[in-house]
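# Topology and contacts: notes
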Amino acid sequence: MNGELKVSKIKNGTVIDHITAGMAPAVLKILGIERGCPDTVIVAMNVKSQRLGLKDMVKVENRALAAETVKKIAIIAPQATVNIIKEMNVVEKIHVELPRDLIGIIRCPNRNCITNSSERVVPYLTVESRDPLTMRCHYCESLVEGPAAELLL
Amino acid sequence: MAQRTRFDWRGQDIISIRDLSREQIEDVLNHAQQIRPDPQMLVGKVMASLFFEPSTRTQLSFTTAMHRLGGRVIGFSGTEGTSIVKGESLQDTVRTIERYADVIVMRHPLEGSAQFVADTVTIPVINAGDGANQHPTQTLMDLFTIKKFHQRLDDLKIGLVGDLKYGRTVHSLAIALTRFRKIELRLISPPNLRMPPAILKELAGIVPYSETAELDLRDLDVVYVTRIQKERFPDIEEYEKVRGAYVINLKACEMLKPSAILLHPLPRVDEIAPDVDALPHAKYFDQVQNGVPVRMALLKLVLVGS
């Protein structure tokens, strides 16, 4: 062992790498597999990373990510990379990118916001700053600071 | 006489003071200063006045503003007697009303409702208060009043007094003041009603501010007083103690410099003693009167442009 990460490869599926350390459980939740999944899921937490110091990693067999899912990952892990694996090879590498407008991705924390009322209004936050992450509700102007994983839809 | 402007206001929504630049604020205030009653200006135009919550000053001053420019007003105050009590959504309500009116002026208890309506309808929307969020026309009339008495909106020391935590007028005013130069803010409030961190963050690096619990009115050009509400305190004794400490009475006014002005968004309960009204500093009734020209200017700008 020379400090290298030893994690099994997956044959087909998605590897989400360079996840902010400690955020892997939130990524599992975004993927909807926090309570289990029929396919192979490999989770590594707090492993050494040249770029991040420490990082988390999630590998999921037989899974492609929807664009909305990638946006959600970008909120909690802005440095993450998504690798699409086919027949053991990386066929595509996507650096997640946080869009300016987050529509239907994250809810507003303000209970008195119209998006949390009986009116059917899709939550809409805009990114004001990427580092540090700050988002503002398009409707009620409430400020959300930090990754706010608990607000993800 | 119509004033020239470089902004295209026609059809624009007025939702939040955050949407307005210094130049746009000044443009509205210049129009407000010059506008005069004109029964022809908005003839044939209809303003829908949708007050889902009751209001005295805002609703009546918008109605007055529309009448003075020859326009007509439809609408309601409170939802009783409307289809909203039958469960009609806000979206359907305003989609219907936009077929009848040329502009919507709305007050609604939900924060963000004004932006939602503006996104829904094609006619201009003026926010007359959305919950605890924004009330931009109040802020514009506050700025108009300050400019009227000090002839400037730069280089001012401004004290905000009372409930700085929940009071939307002081939040909006503080944000608006970031557009101007050499402003200093003194934030005077009980510790549990301090200005929220999110607002302080917006001031940081732009408007120097100090926070104090002491009613220190010395050296200020403007003192903006807000009401401290009983329901904000878990303990009635604590409320009584705090309330007394922030009353602007004749003795407190001895601290004011001669040119200082006292403002209050009204309604006042007892945070400014009635005998203060006779002092030359007391400008809160001028402030409320200024709501009419400011709203006349806004209605004119969004309905017919400049």
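Residues numbered from 1 in each chain as written. Chains lettered and ligands numbered in written order. Predicted model: local features only at pLDDT ≥ 70, side-chain atom pairs only at ≥ 80, totals over all residues. Heavy atoms only, no water.

## Looking at the overall build of chain B
Counted only if it meets this: Only DSSP runs of H or I reaching four residues or more are called helices, and only runs of E reaching two or more are called strands; each is numbered from the N terminus. Just to be clear, the radius of gyration here is over C-alpha atoms, and the globule rule we use is 2.2 Å times residues to the power 0.38. A 1.4 Å probe rolled over the protein chains alone gives each residue an accessible area, and that area as a share of the maximum for its type sets the label: buried under 20%, exposed over 50%, partly exposed in between. We call two residues in contact whenever any of their non-hydrogen atoms come within 4.5 Å of each other. Here the open area of atoms and residues is found with the Shrake-Rupley method and a 1.4 Å probe, where only the protein chains shown may cover a residue. Neither His nor the chain ends is counted toward charge; the positive residues are Lys and Arg and the negative residues Asp and Glu. Note that the charge is assigned to NZ on lysines, CZ on arginines, CG on aspartates and CD on glutamates.
In terms of helices and strands, chain B carries 11 helices and nine strands. Against the globule reference of 19 Å for 306 residues, chain B gives a C-alpha radius of gyration of 19 Å, in line with a compact fold. Across its three principal axes, chain B shows a C-alpha extent of roughly 55 × 45 × 40 Å. Buried positions account for 57% of the 306 residues belonging to chain B. Looking at chain B alone, contacts between residues at least 24 apart form 73% of all its contacts between residues at least 6 apart. By element, 48% of the accessible surface of chain B is carried by carbon and sulfur atoms, the whole surface being about 13300 Å². Placing the 38 positive and 38 negative side-chain charges of chain B at their respective mean positions leaves the two points 5 Å apart.

## Some points on the nonpolar core
Residue and element names in this part refer to chain B. We count it as follows: Among buried residues, those of type Ala, Val, Leu, Ile, Met, Phe, Trp, Tyr and Cys that are joined through side-chain atoms within 4.5 Å constitute a nonpolar core. Bear in mind that the domain bounds are from an automatic or database domain assignment.
Of all hydrophobic cores here, the largest spans 58 residues; its most connected members are Ile-126, Leu-140, Leu-160, Leu-185 and Leu-299. For this core, the leading source of residues is helix H11 (residues 291-304), giving nine residues. Here this core spans two domains, since at least three of its residues come from each of domain 1 (17-134 + 291-304) and domain 2 (136-288).

## Focus: the environment of Ala-74 of chain A
All names here are of chain A. As for its placement among the helices and strands, Ala-74 is situated in helix H2 (residues 67-76). Given the relative accessible area of 1%, Ala-74 is considered buried. For the pair Ala-74 and Arg-100, spaced 26 residues apart in sequence, the C-alpha to C-alpha distance is 11 Å. Ala-74 has contacts with Val-96, Glu-97 and Leu-98, leaving out every residue within four places of it along the chain.

## Observations regarding the domain arrangement of chain B
All names here are of chain B. Where we set the bar: Two parts placed together each lose some accessible area under a 1.4 Å probe, and adding up what both lose gives the buried area. We define a salt bridge as a contact between a side-chain nitrogen of Lys or Arg and a carboxyl oxygen of Asp or Glu at a distance within 4 Å. N or O atoms within 3.5 Å of each other form a polar contact, as long as, within protein, one can give a hydrogen and the other can take it, and as long as residues adjacent in sequence are counted only when both atoms are side-chain atoms. Each residue gets one label: Ala, Val, Leu, Ile, Met, Phe, Trp, Tyr, Cys and Pro are nonpolar, Asp, Glu, Lys and Arg are charged, and the others, such as Gly, are polar.
When cut into domains, chain B gives domain 1 (17-134 + 291-304) and domain 2 (136-288). The C-alpha-based centres of domain 1 and domain 2 are spaced at 26 Å. Taken together, both faces of the contact between domain 1 and domain 2 bury some 2300 Å²; the carbon and sulfur share is 61%. Of all residues in domain 1, Ile-17, Arg-22 and Arg-57 bury the most surface against domain 2, accounting for 29% of the area lost on that side. For the interface between domain 1 and domain 2, the tally reads two salt bridges. Connecting domain 1 to domain 2 are nine residue pairs in polar contact (both at pLDDT 80 or more). Secondary-structure elements contributing two or more residues to the side of domain 1 that touches domain 2 are helix H1 (22-34), helix H2 (57-68), strand E4 (125-130) and H11. Sorting elements by how many residues they give to the side of domain 1 that touches domain 2 places H1 first, with eight residues. Tallied by class, residues from the side of domain 1 that touches domain 2 come to 13 nonpolar, nine polar and seven charged.

## Section: H2 of chain B
Residues and elements named next belong to chain B. What counts is decided by this rule: Multiplying one less than the number of residues by 1.5 Å gives the expected span of a helix.
Given a rise of 1.5 Å per residue, 12 residues ought to cover 16 Å, and the 16 Å separating the end C-alpha atoms of H2 matches this to within 8%. Regarding H2, the residues found buried are Thr-58, Gln-59, Ser-61, Phe-62, Thr-63, Ala-65 and Met-66. On the buried face of H2, the contacting elements are strand E1 (46-51), strand E2 (72-77), strand E3 (103-108), E4, helix H5 (136-150) and H11. Downstream of H2 by one or two residues, Gly-70 has phi in the positive range, about 85°.

## Side note on the domain arrangement of chain A
Residue and element names in this part refer to chain A. Domain annotation of chain A identifies domain 1 (13-95) and domain 2 (101-145). Summarising the inter-unit geometry, the C-alpha centres of domain 1 and domain 2 are found 25 Å apart. Across the boundary between the two partners, domain 1 contributes four residues, which contact six residues of domain 2. When domain 1 packs against domain 2, close to 430 Å² is buried across both sides, 77% of that on carbon and sulfur atoms. Linking domain 1 with domain 2 are zero salt bridges, by the criterion used here. Run the count over domain 1 and domain 2 and you get zero residue pairs in polar contact (both at pLDDT 80 or more).

## Focus: the pairing of strand E1 (residues 13-20) of chain A
Residue and element names in this part refer to chain A. Defined as follows: The pairing criterion is simple: DSSP has to find at least two bridges between the two strands.
Counting buried positions over the eight residues of E1 gives seven, a clear majority of the element. In this sheet, strand E3 (residues 53-61) lies alongside E1 in antiparallel orientation, the contact comprising six bridges. Each residue of the ladder has a partner; that of Thr-14, found in E3, is Val-60.

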